[in-house]
Every structure is written in structure tokens, then in C-alpha cells.
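Coordinate inspection notes
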Amino acid sequence: MTGAVLALLCLSGDPETFEFEGLKRLYFLDIPETKGPAPLILLCHGGGMTAASFRKQRGAELKEEARKHGIVPAFGQAGRRHKDGFGWNSFDEGSRALPQGEKYCDDRAYVLEVLRRIQEKVKIDPARIYVAGFSSGGKFAHYLAAKHPDVFAAAAPVATAIASAEAEEELVFPPTPAGPISIMIVNGGRDPKNPLKGGTTEDGTRRSSVQEAVDFWVKANGCDPTPKVESPSDKVRISRYTGGKNGSEVSYGEIRPMDQRWPDEKDGWGFSANREVV
């Protein structure tokens, strides 16, 4: 994900706000001055977080990586209240995945509106728009990639499962993508909320395995099912499935000591989501 050089990248303190489908919605945009159309990455927070809290945690690090590679970062915010923040709806209206008693909020349509608004402010290369997300935001990145391979060039779900359901119900996967899209999946071997082998977690939610996510995208993209495996350290294994349609590929980074987090250089594992995703 590289592109045009940014002459200036400043971290604006105030969000962009607008009314959408009866709700006040917002996003943060790190506004650049560019010499030409630049790539854009949309970053989606975890469940119970906000765009502001995720940006506060990761914004400076991501900003620096974005500056190196000439990428415009934007931070979106979900519309459904969840704990102390918000949670993404990673499914279509009418899905049984919607929590009982909750009103459906179309986060997918919100994202398309955010992209439209950003492109009115900044010269964006429409062929280089990416999405990445953490936890609930990672699941939403899976969903957006499946729904809109025509909009996003690649997606990076971090510390999440591609599908979940109540304990006794069938898992709800994203729809079959209409076209290929490259995917980078990052998961930890000690994540209690998204175990590598899937299963029912402490909150009673059943989640898919990471291999099910890999298989979903390898099949959708038509990649070679035999990966090329590399280990940049004894704690990290990266499997790359290449040969997909239109040059698409699927990468899976497994970080054995990682719990549910967005990994960076400070963890000492030899893997940084800031670097790999951006």
C-alpha cells in the first residue's frame, strides 16, 4: 500500500460530523497536502471503543507509517451503541446477527458516504482505497471487503473472527464476494475472544476459526491453497496464499504470544500491524 508522497500530514483534533439516516455520524481525517491522488486507508475501531479512542491509541504510530508511504488515514466510528462506545454491524439488515432489541444501523452505507465526503476534500486514488480494523472493526473489514471488492483494493482484519453467532446458532459469514480482493489476516495465539481454532468464548458467543477465514478468502480469490510460509521470528508465522484472480492474495500472520491487541514494535515479537497494514 504505497503511493504519492505527502508534503504535509497533520493530525486534526476535531472530527468531521454529519447527519446520516437519522443519526449523527462522524469520522476523523488526517488531512494532507498532496502532489497527486493519494491512497486512503479507513481504520475501524474495536467494539466498545470510539474513533477518537482508537485514534488516540494508534493515531500517532499509524500517522508516521502513513507519512512514510504517502497514505491518507481516516478513522471511522460505528453507529450502534456498545458498552462505553460503539460496535459495528457487520451484516445486512434483517440478519439474525443483530442483537435482540437493537435497531439496525447501516454502517456499510455510512462508510460509502464517508468515502464520498473524503474524496470531496482530498485527491484520492480510487484504485487504492483500503480498510483495516481491530476486533469488531476487523470483522467489519471482512464484511466490507466481501460486499465491496469494487471499492476496496485490500483489507486487513486484526484480532477478530470472520463469523460469529449465539452458542446454538449457525455462524453468520459475510456474503460471497463479487470479485477478488487481497486480504491480510492477523491473529494471536492467546486471544481469548477469538481463539485460533474457534469455539464458544466466555461471553457465550461462538466464533469461527482463523482457518475458516483464510479458507473463505482463498476460495473467493481463487488462490493456490498451498501457502508459502515464512517465520520472521520464533513467535511469528506468516502464510501467503498467492496466484489469485487479478493478482489477489491472502496473507495470514499468526503471532503465537499475542492476546487480543493491535500488535506493534513495542511488543517485541518482530511484527507490527502499523507497518504491515499500512
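Think of each chain on its own: its residues are numbered from 1, step by step along the sequence as written. Given that this is a predicted model, residues contribute local features only at a pLDDT of at least 70 and side-chain atom pairs are listed and counted only at 80 or more, while totals for whole chains, interfaces and linings are drawn from all residues. Hydrogens and water are ignored here; the side-chain numbers use all heavy atoms of the structure.

1. So, the sheet that holds strand β17 (residues 250-255)
If you walk across this open sheet you meet the 10 strands as β2-β3-β6-β5-β9-β10-β12-β17-β16-β15, and the pairing is mixed. The sheet terminates laterally at β2 (16-20) and β15 (228-233), the two strands that pair on one side only. Pairs of neighbouring strands in the sheet enclose a mean axial angle of 20 degrees, with direction left out of account. Across 6 bridges, strand β5 (residues 38-44) lies against strand β9 (residues 124-134) in parallel orientation. The residue bridging Leu40 from the neighbouring strand is Ile129, located in β9. Throughout, a residue-residue contact means that at least one pair of heavy atoms, one from each residue, lies within 4.5 Å. Axis definition: a line fitted to C-alpha atoms, over the contacting stretch in the case of helices. Angles run 0 to 180 degrees between N-to-C directions. Labels follow the DSSP assignment, with helices taken as runs of H or I lasting at least four residues and strands as runs of E lasting at least two, numbered in each case from the N terminus. Here helix α1 (residues 51-69) sits on the sheet and contacts β3 (23-29), β5, β6 (72-76) and β9; the angle it forms with β6, its principal contact strand, is near 170 degrees. Two strands qualify as a pair provided that DSSP identifies no fewer than 2 bridges between them.

2. Quick notes on the side chain of Thr160
Residue position: Thr160 is located in the loop between β10 (154-158) and β11 (164-166). With residues near it in sequence (within four places) discarded, Thr160 still touches Ser135, Gly138, Lys139, His142, Asn187 and Asn194.

3. Some remarks on helix α3 (residues 136-147)
Here α3 is 12 residues long and its end C-alpha atoms lie 17 Å apart, about the 16 Å a rise of 1.5 Å per residue gives. Counting buried residues in α3 gives 11 out of 12 residues, a clear majority hidden from the surface. Within α3, the full set of buried residues consists of Ser136, Gly137, Gly138, Lys139, Phe140, Ala141, His142, Tyr143, Leu144, Ala145 and Ala146. For a helix, the expected span equals 1.5 Å multiplied by the number of residues minus one. Burial classification: accessible surface area is computed with a 1.4 Å probe over protein chains only, and a residue below 20% of its type maximum counts as buried, one above 50% as exposed, and the rest as partly exposed.

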